[in-house]
Amino acid sequence: MGALCRACAQEVTPCDGLIADHLRSTVEATEAEAWMVDGFGVAHAIAAKTGIGRNQEGELVILATSVSREHAELKQIENGWNVRDLGSRNGTYVDGARVQGRVPMPARAILKIGDVALWFLTEVVHEPTSPPSMATGSIAGGLVRFLTGQGSVELCLVGASDPTTGGSLLSRAAGTEAWTDRGLPPLEFQLLRSLCAKAIEEADSPSAVRGCVATKQLARDLPFQSKYANEENVRQVVRRLRAQLGELGVESLLAVAPGRGYYLSSPVSAGGGTDRR
């Protein structure tokens, strides 16, 4: 497990724009009742009841435009498994047949969620090794540190200098001392880090969009797991980062210059201490 033979891989070839970072399971490997294997050869743990879709609170998260937020549900029953489409826009298929209502899910079937195909396995000889988690915890003593903010919210981006890792986004209300620590996965962290660095580099520029980084440049520089990452992949990372910034009340901090790229709408400074009380 963790790799597919050539013939099996061809059956679940990733659709256009899909990269390995777009699929993840929130189910612990020790709690797996079955496995879904994607076209990159990565195995994703499946619970006895698994929701599949773009909803990041679901058990199997697939970030693809052909996949609905609440797309399908896999369920273990007394004599096997079944799958139910949840009214998705682009349908759910088992071995090429479109799912209507709840239908049996045979072992070693190909489940297609929108345009994303995966192998369904109920038994494995060796338990698959879980892929590296995109989630990150707090990073103490980070070597990268930027300060910014918007309105009454102050932000501090902290992380290691390794360009492939994640980091922490600290936030607090202006005038207060305690910081709240939010972990950022590698792609979101490195996107924000790139924009902060560019903002400092062009701090003296008279341009209204100083610090703008081209979308194509971000597609090359961000730590995607595929060399075929494109501008749509960058836009998906931007949407995820904006959602996190939105939860802090600073969604408009990440701005877009149509046809050019992305920039931060507030000034950025480097360094600064962050007592995390």
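Because the structure is a prediction, the values reported are computed rather than measured.

Enquirer: When you look at the overall build of the protein in this model, what are you seeing that I'm missing?
Expert: Along its length, the protein carries 4 helices and 20 strands. When each of the 277 residues of the protein is scored for burial, the buried share is 46%. For the protein, long-range pairs separated by at least 24 residues make up 51% of all intrachain contacts whose partners lie at least 6 apart in sequence. When the accessible area of the protein is evaluated, it comes to approximately 13700 Å², of which 48% is carbon and sulfur surface.

Enquirer: Is there a simple way to think about the sheet that holds strand S20 (residues 269–270) in this case?
Expert: Whether parallel or antiparallel, the strands of a sheet pair through hydrogen bonds between backbone atoms. An order of S16-S15-S14-S13-S20 is seen for the 5 strands of this open sheet, with the pairing classed as antiparallel. The two strands at the open ends of the sheet, each matched to only one other strand, are strand S16 (180–184) and S20. Bridge count for strand S13 (residues 144–150) against S20 is 2 bridges, and the pairing is antiparallel. Paired with phenylalanine 146 across the two strands is alanine 270, which belongs to S20. Strand contacts of helix H2 (residues 186–201): S13, strand S14 (153–159), strand S15 (167–173), S16 and S20, with the helix running at about 110° to S14, the strand carrying the most contacts. Contacting S14, S15 and S16, helix H4 (residues 231–247) crosses the sheet at an angle of about 170° to S16.

Enquirer: Help me out: how do you make sense of the confidence of the model for the protein in this one?
Expert: Mean pLDDT over the protein stands at 85; residues scoring 70 or higher make up 89%. Overall, residues 130–142 carries pLDDT values under 50, and its contacts beyond four positions in sequence, including any with other chains, amount to 27 contacts. Note that residues 272–277 has pLDDT below 50 and, in this model, 18 contacts with residues that lie over four places away or in other chains.

Enquirer: I tried to follow H2 on my own but got confused; where do I start?
Expert: An α-helical segment advances 3.6 residues per turn. Residues three or four places apart therefore align on the same side. When the terminal C-alpha atoms of H2 are compared, their 22 Å separation across 16 residues agrees well with the 22 Å that a helix rising 1.5 Å per residue should span. Of the positions making up H2, those classed as buried are Pro186, Leu187, Glu188, Phe189, Gln190, Leu191, Leu192, Leu195, Cys196 and Ala199.

Enquirer: Any chance you could explain the environment of isoleucine 19 here in plain terms?
Expert: As for its placement among the helices and strands, isoleucine 19 is situated in the loop between helix H1 (6–11) and strand S1 (23–25). Classification of isoleucine 19 by relative accessible area gives buried; the value is 1%. Excluding residues that lie within four positions of it along the chain, isoleucine 19 makes contacts with Phe40, Phe224, Ser226 and Asn233.

Enquirer: I keep staring at the environment of lysine 112 and nothing clicks. Help me out?
Expert: Mapped onto the elements, lysine 112 comes out in strand S11 (residues 109–113). Given the relative accessible area of 35%, lysine 112 is considered partly exposed. Considering only alpha carbons, one finds lysine 112 and valine 67, 45 residues apart in sequence, at a separation of 10.0 Å. Excluding its chain neighbours within four sequence positions, the residues that come into contact with lysine 112 are Gly91, Thr92, Tyr93 and Ala117.

Enquirer: I tried to follow unusual backbone geometry on my own but got confused; where do I start?
Expert: The phi dihedral of aspartate 95 is positive, around 50°, even though this residue is not glycine. For aspartate 95, the position within the fold is in the loop between strand S8 (92–94) and strand S9 (97–98). In the Ramachandran plot, arginine 108 falls in the positive-phi region, its phi being about 65° despite a non-glycine side chain. Take arginine 108: it is sitting in the loop between strand S10 (102–104) and S11.

Enquirer: When you look at the pairing of S11 in this model, what are you seeing that I'm missing?
Expert: Successive residues of a regular strand alternate their side chains across the two faces of the sheet. Summarising burial for S11: 4 of the 5 residues are buried, a large majority. Examined bridge by bridge, S8 and S11 share 3 bridges and lie antiparallel to one another. Among the inter-strand pairings, valine 94 is bridged to a residue of S11, identified as leucine 111. Two elements, S11 and strand S12 (residues 116–121), share 5 bridges in a ladder whose sense is antiparallel. By the bridge assignment, isoleucine 110 is partnered in S12 with tryptophan 119. Between S11 and S12, which pair antiparallel in sequence order, lie 2 residues; one of them, glycine 114, sits at a positive phi of approximately 60°.

What counts and what doesn't
Residues numbered from 1 in each chain as written. Predicted model: local features only at pLDDT ≥ 70, side-chain atom pairs only at ≥ 80, totals over all residues. Heavy atoms only, no water. Helix = DSSP H or I, 4+ residues; strand = E, 2+ residues; numbered from the N terminus. Buried < 20%, exposed > 50% of the residue type's maximum accessible area, 1.4 Å probe, protein only. Contact = heavy atoms within 4.5 Å. Areas by Shrake-Rupley, 256 points an atom, 1.4 Å probe, with all protein chains shown as cover. Pairing = 2+ DSSP bridges. Axes fitted to C-alpha atoms, helices over the stretch in contact; angles between N-to-C directions. pLDDT = per-residue confidence, 0-100. Expected span 1.5 Å × (residues − 1).

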